[in-house]
Amino acid sequence: MEGIVIKSTGSWYLVKTTDGQSLQCKIKGKFRLKGIKTTNPVAVGDKVEIDILADKSMGVIRSIAPRHNHIIRKSTNLSKVSHIIAANIDLALLIVTLKQPRITPGFIDRFLVNAEAYHINAAIVFNKTDIHNQEDHKRVIELCEIYENAGYPTFKVSALTGDQISTVREAIRDKVNLFSGPSGVGKSALVNAIEPGLKLKTGNISNYNDKGKHTTTFPEMHTLSFGGFVIDTPGIKEFGLVEFRKYEIAERFPEFRTFMHECRFNNCTHIHEPGCAVKEALEAGKIPVSRYNSYLRIINDEILDKEKWEWE
Ligand code: GDP
Ligand code: ZN
């Protein structure tokens, strides 16, 4: 029998089997995964094979299918051991607002760089369009154009009025979705507008206490009535930065990729070198100034905030 892990407590798992049942499962034996040391071998989103006990009371996880991506957190800053929060995410939606609160393009770009690094498709949802004046309206259209051109779907919605919510619903149907965003942007309201009655823990729980220790909260996935899942991982409000090698950062900007291979130097940082195709594209208006500025800011950040969530 095959299924998908929809809840993980570390000692037992809830698996939704292909026939639609939810079954409590345990792990049998040890699973070793290539390349990572983890505290938990099985995570929410994992596709597993299970054996069902003769009395049908329980299942035993026999194998885990290879993951196409996963997000982790480190148990401590310097720890080599990671905890897998969720696996096989089809779409990470970043919920943002132009005002109340004001979210900057820099924040959006950092999120997208992380998503790129870990091979997770991302989309951006601009919420609270109901409070936009004409200027905001123009600004949001500009931003949407920038991100659409870079290959990211964008949505302009109001969780309050319900405007354009059905478009988001279509985009997340039949997928495993992760909703992220700073607090106050309306994640809870949005999820509730998409699926009335569904309440995520994301909005109001901080997963870190003052000393940076994790409180125990278990990730789970909620089934969407129209098909698909929403991953509910309390604490994922923002994405912390991953340690990047500098030369990799430009590759995380899709609109740079077409140009960067034409730079005169193959180790071009696209900052000061002569014959830089990225800077030429910037000057020709083919790369948006705000995206290039985010690139500079990320590359110049030497102190990476490692205490936050990390993606892998
Ligand atoms: P979260 O912290 O991201 O989960 O945000 P909440 O869902 O708790 O919403 C934060 C505040 O924004 C609440 O006061 C909501 O009523 C309000 N809010 C959420 N969505 C909208 C919207 O589309 N328009 C307006 N005007 N307010 C909204
Ligand atoms: Zn260059």
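A quick note: this is a predicted structure, and the numbers were derived from the prediction, not measured.

A. A look at the coordination of the zinc ion (ligand 2). Looking at the zinc ion (ligand 2), one finds its protein donor set to be Cys263 (SG), Cys268 (SG), His270 (ND1) and Cys276 (SG), positioned 2.1 to 2.4 Å from the metal centre. Viewed at the metal, the four donor atoms of the zinc ion (ligand 2) are separated by angles of 102 to 116°, and the geometry they form is tetrahedral. Every donor residue of the zinc ion (ligand 2) comes from the same chain, spaced as C-x4-C-x1-H-x5-C. With Cys263 in the loop between α6 (254-260) and α7 (277-283) and Cys276 in the loop between α6 and α7, the pair connects residues that are 13 residues apart, well separated along the chain. A relative accessible area of 8% means that Cys263 is categorised as buried.

B. Highlighting the packing of aromatic side chains. Here the structure, examined in full by the defined rule, presents five aromatic pairs. With centroids separated by 6.4 Å and ring planes inclined at 35°, the aromatic side chains of Phe256 and Tyr292 adopt a geometry described as tilted. Placement of the pair is Phe256 in helix α6 and Tyr292 in helix α8 (residues 289-300), with a sequence separation of 36 residues. The pair formed by Phe256 and Tyr292 is uniform in burial state, with each residue classed as buried. For the ring pair Phe256 and Tyr295, a centre distance of 5.3 Å and an interplane angle of 70° mean the geometry is edge-to-face. Taken as a pair, Phe256 in helix α6 and Tyr295 in helix α8 lie far apart in primary sequence, 39 residues in all. Three or more aromatic residues link up through ring pairs in this structure, and these residues are Phe253, Phe256, Tyr292 and Tyr295.

C. Spotlight on the pairing of strand β10 (residues 122-126). In terms of burial, β10 is largely enclosed, as five of its five residues are buried. Here β10 shows no split at all, with Ala122, Ile124 and Phe126 on one side and Ala123 and Val125 on the other all buried. Both strand β9 (residues 91-96) and β10 contribute to a ladder of five bridges, which runs parallel. Its bridge partner lying in β10, Val96 is registered against Phe126. Each parallel crossover has a hand, and for β9 linked through helix α1 (residues 105-117) to β10 it is right-handed. Pairing of β10 with strand β11 (residues 154-156), which is carried by three bridges, proceeds in the parallel orientation. Each residue of the ladder has a partner; that of Val125, found in β11, is Phe155.

D. Geometry of the nonpolar core. Membership of the largest hydrophobic core comes to 56 residues, with the highest contact counts inside it found for Ile172, Phe179 and Leu190. With six residues, β9 is the largest single contributor of residues to this core. For this core, the domains that each give at least three residues are domain 1 (2-64) and domain 2 (70-232). In contact with Ile172, other than residues within four places in its own chain, are Leu91, Leu93, Asn177, Phe179, Ile194, Leu224, Phe226 and Gly227. Counting 19 residues, the second largest nonpolar core, distinct from the first, contains Ile249, Ala281, Tyr292 and Ile299.

E. Examining α1 more closely. The end-to-end C-alpha distance of α1 is 18 Å, a good match for the 18 Å that 13 residues give at a rise of 1.5 Å each. All buried positions along α1 are accounted for by Pro105, Gly106, Ile108, Asp109, Phe111, Leu112, Val113, Asn114, Ala115, Glu116 and Ala117. Positive backbone phi, at 60°, marks His119, one or two positions downstream of α1.

F. The arrangement of helix α2 (residues 134-149) in detail. The end-to-end C-alpha distance of α2, which contains 16 residues, comes to 23 Å, matching closely the 22 Å that a straight helix rising 1.5 Å per residue would cover. Check the buried side of α2 and you find it contacts α1, β10, β11, α6 and α8. Capping the start of α2, Asn133 holds a side-chain oxygen 3.1 Å from the backbone nitrogen of Glu135, two or three residues further along. Once α2 finishes, Gly151 follows within two positions and takes phi at roughly 105°, a positive value.

G. Region of the structure containing the pattern of salt bridges. Counting across every chain of the model gives 10 salt bridges. Glu142 is the partner of Arg139 in a salt bridge, and the nearest nitrogen-oxygen pair spans 3.2 Å. On the criterion of helical spacing, the pair formed by Arg139 and Glu142 is a turn pair, its members being three residues apart in helix α2. One network of salt bridges, in which partners are shared, links Glu49, Asp51 and Arg62.

H. Inspection of the confidence of the model for the chain at higher detail. This prediction gives the chain a mean pLDDT of 85; 82% of its residues lie at or above 70. Confidence over residues 203-211 falls short of pLDDT 50; this stretch has 20 contacts with residues more than four positions distant or in other chains. Low confidence marks residues 302-312, where pLDDT is under 50. Its contacts with residues over four positions away, or in another chain, come to 46 contacts.

I. Molecular detail of the packing of α1 against α2. Relative orientation of the contacting elements α1 and α2 amounts to 25°, with a least axis distance of 13 Å. Viewed along their axes, α1 and α2 adopt a mutual orientation that is roughly parallel. For the element pair α1 and α2, the recorded crossing hand is right-handed. Contact with α1, carried on its side by Pro105, Ile108, Asp109 and Leu112, involves Arg139, Leu143 and Tyr147 of α2 and no other residues of that element. Considered class by class, the residues forming the contact of α1 with α2 number five nonpolar, no polar and two charged.

Rules and cut-offs
Residues numbered from 1 in each chain as written. Chains lettered and ligands numbered in written order. Predicted model: local features only at pLDDT ≥ 70, side-chain atom pairs only at ≥ 80, totals over all residues. Heavy atoms only, no water. Donors = N, O, S within 2.8 Å, 3.2 Å for Na, K, Ca; no water. Tetrahedral: all angles 85-135°; square planar, octahedral: opposite > 155°, others 65-115°. Helix = DSSP H or I, 4+ residues; strand = E, 2+ residues; numbered from the N terminus. Buried < 20%, exposed > 50% of the residue type's maximum accessible area, 1.4 Å probe, protein only. Phe/Tyr/Trp six-rings, centres within 6.5 Å; stacked < 30°, edge-to-face > 60°. Pairing = 2+ DSSP bridges. Right-handed = clockwise from strand over helix to strand, strands pointing away. Core = buried A, V, L, I, M, F, W, Y, C linked by side-chain atoms within 4.5 Å. Domains from an automatic or database assignment. Contact = heavy atoms within 4.5 Å. Expected span 1.5 Å × (residues − 1). Polar contact = N/O pair within 3.5 Å; in protein donor to acceptor, adjacent residues only side chain to side chain. Salt bridge = Lys/Arg side-chain N within 4 Å of Asp/Glu carboxyl O. pLDDT = per-residue confidence, 0-100. Axes fitted to C-alpha atoms, helices over the stretch in contact; angles between N-to-C directions. Parallel < 35°, antiparallel > 145°, perpendicular 65-115°, else oblique. Left-handed = near helix turned anticlockwise from the far one by under 90°. Nonpolar A, V, L, I, M, F, W, Y, C, P; charged D, E, K, R; others polar.

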